[in-house]
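Results of the structural survey
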Amino acid sequence: MEIEEAARAILKSKKSVALTGAGISVESGIPDFRSPGGLWSKYDPLEYGHIGSFRSNPGKVWKMLLEIDQLLDRANPNVAHDVLAELEKRGFLNAVITQNIDSLHQKAGSVNVIEYHGHNRSLRCEACGKTYPKSEVDFSKIPPVCACGGLLRPEFVFFGEPIPSRERQLAETAATGCDVMLVIGTSGSVAPANYLPHIAKRHGATIVEINPGETELPKNIIDITIREKAGSALKKILEYINSETKK
Ligand code: NAD
């Protein structure tokens, strides 16, 4: 019932957008912040993921980042990433705004991906701003440093840092202009990403939430709630769209 409603909203929409969070990559083996056990029981994200911690103890934070990197680099897109890429290819989805840094949407074939919190593909010097693809960085000494001697940092946003203005603008434009927003696998607890569904709703969009658990997004902004894992829900939505477009 909710699946069909969501699929019909997508079929009717002129511009639909997906906002994704860590939950969409859980089925690819990357734990979110909420699941018990795993990486985040060892490293408190608020401690290790804060820019203050990185600046005061970059070696300690880099040690954790390299462990995460191994996990992210080994991961492959799952059916949820695949369906979003397929929907974009067929003209049913205009953009993916992702809070994730794992590049799995691009690996699945999505093209218009707004990486709201950045990505883990390259590093930037804190001192001179030079960027390096990860493959060109010498990690034999931690923390890694730039040719100028400055500290290298990942090109994603730590807690306590602002969203890069280009990504913020692209995401807000997408949220303002869409008539359907699929909110997938995000707890809605990280600002300012959690304002994007509010912006979309204020501009008249239908908000579809796909999440097996409860979230912090207020119920009154959600039009359709699908309490399922992203993979199975999106697969069923695509099947419904296929059956309707074959007629
Ligand atoms: P979060 O960890 O706060 O919440 C994840 C949400 O996903 C929860 O609501 C959970 O119920 C839901 N979920 C779990 N399994 C799911 C599944 N199979 N299908 C659909 N939903 C599922 O994540 P957040 O809201 O994205 O905020 C945390 C911040 O940390 C974000 O910036 C996030 O991108 C980042 N982060 C990124 C990664 C990654 O790049 N893969 C991993 C962990 C955290």
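Residues numbered from 1 in each chain as written. Predicted model: local features only at pLDDT ≥ 70, side-chain atom pairs only at ≥ 80, totals over all residues. Heavy atoms only, no water.

Notes on the domain arrangement of the chain
Looking at the assigned domains, one finds that the chain contains domain 1 (1-29 + 77-117 + 163-247) and domain 2 (31-74 + 120-156). Just the C-alpha atoms count here: the centres of domain 1 and domain 2 sit 27 Å apart. Listed by partner, the interface residues are 13 residues for domain 1 and nine residues for domain 2. Summed over the three residues of domain 1 that lose the most area to domain 2, namely Val26, Gly29 and Ile101, the buried surface amounts to 40% of that side. Run the count over domain 1 and domain 2 and you get one salt bridge. In this structure, the connection of domain 1 to domain 2 is made through three residue pairs in polar contact (both at pLDDT 80 or more). (Domains from an automatic or database assignment. Contact = heavy atoms within 4.5 Å. Buried area = accessible area lost by both parts, 1.4 Å probe. Salt bridge = Lys/Arg side-chain N within 4 Å of Asp/Glu carboxyl O. Polar contact = N/O pair within 3.5 Å; in protein donor to acceptor, adjacent residues only side chain to side chain.)

Quick notes on empty space enclosed by the protein
It is the rolling of a water-molecule-sized probe over the atoms that shows where space remains empty. Per the counting criterion, the structure on display carries two cavities of 30 Å³ or more. For the largest cavity, the full set of lining residues is Trp62, Leu65, Asp69, Asn120, Ser122, Leu123, Lys134, Pro154 and Phe156. At the level of elements, α5 (58-74), β4 (118-125) and β6 (152-156) are the ones that each hand at least two residues to the lining of the largest cavity. The class makeup of the residues in the lining of the largest cavity is five nonpolar, two polar and two charged. Space inside the second largest cavity adds up to approximately 40 Å³. If you go around the second largest cavity, the residues you meet are Leu19, Gln99, Val183, Thr186, Gly188, Ser189, Val190, Ala193, Asn194, Pro197 and Leu217. Of the residues that constitute the lining of the second largest cavity, the class distribution is six nonpolar, five polar and no charged. (1 Å grid on protein atoms, 1.4 Å probe; cavity = no way out; pocket = protein on both sides within 12 Å on 5 of 7 lines; lining within 4 Å. Points joined across faces, edges and corners; volume = space filled by probe spheres on them. Helix = DSSP H or I, 4+ residues; strand = E, 2+ residues; numbered from the N terminus. Nonpolar A, V, L, I, M, F, W, Y, C, P; charged D, E, K, R; others polar.)

Section: helix α6 (residues 79-89)
Within α6, burial applies to Ala80, His81, Val83, Leu84, Ala85, Leu87 and Glu88. Looking at the buried residues of α6, the elements they touch are β1 (16-20), β2 (95-98), α7 (104-108), β7 (180-184) and α10 (230-246). Sitting at the head of α6, asparagine 78 places a side-chain oxygen 2.7 Å from the backbone nitrogen of alanine 80. After α6 finishes, the residue glycine 91 shows a positive phi value of roughly 85°. (Buried < 20%, exposed > 50% of the residue type's maximum accessible area, 1.4 Å probe, protein only.)

Details of the packing of α6 against α10
One way to put it is that α6 packs onto α10 with a least axis distance of 8 Å and a crossing angle of 30°. When the axes of α6 and α10 are compared, the pair comes out roughly parallel. Viewed along their axes, α6 and α10 form a crossing whose handedness is left-handed. Contacts between α6 and α10 involve Val79, Ala80, Val83, Leu84, Glu86 and Leu87 from the first element and Ala230, Gly231, Leu234, Lys235, Leu238 and Ile241 from the second. Among the residues making up the contact of α6 with α10, the classes are represented as nine nonpolar, one polar and two charged. (Axes fitted to C-alpha atoms, helices over the stretch in contact; angles between N-to-C directions. Parallel < 35°, antiparallel > 145°, perpendicular 65-115°, else oblique. Left-handed = near helix turned anticlockwise from the far one by under 90°.)

A few points about the sheet that holds strand β9 (residues 224-226)
If you trace the six strands from one edge of the open sheet to the other, you get β3-β2-β1-β7-β8-β9, paired in parallel fashion. Because the sheet does not close on itself, it has two edges, and the strands there are β3 (113-115) and β9. The average undirected angle you get between the axes of adjacent strands in this sheet is 15°. Pairing analysis gives five bridges linking β1 to β7, with the strands arranged parallel. Bridge pairing in β7 links alanine 18 to leucine 182. Running over the sheet, helix α1 (residues 2-12) touches β7, β8 (206-210) and β9 and is turned about 125° from β9. Sitting on the sheet, helix α8 (residues 165-177) is in contact with β1, β2, β3 and β7, with an inclination near 130° to β3. (Pairing = 2+ DSSP bridges.)

Side note on the site of the ligand
The full set close to the ligand counts 24 residues, and Phe33, Gln99, His117, Thr186 and Ser187 are the nearest of them. Backbone polar atom of alanine 22 to an oxygen atom of the ligand: 2.8 Å apart, as the coordinates give it. Note that a nitrogen atom of the ligand is positioned 2.9 Å from one of the backbone N or O atoms of alanine 230. A total of 830 Å² of accessible area belongs to the ligand in isolation, and the protein chains cover 91% of it. Broken down by class, the residue content of the shell around the ligand amounts to nine nonpolar, 10 polar and five charged. (Near = heavy atom within 4 Å. Areas by Shrake-Rupley, 256 points an atom, 1.4 Å probe, with all protein chains shown as cover.)

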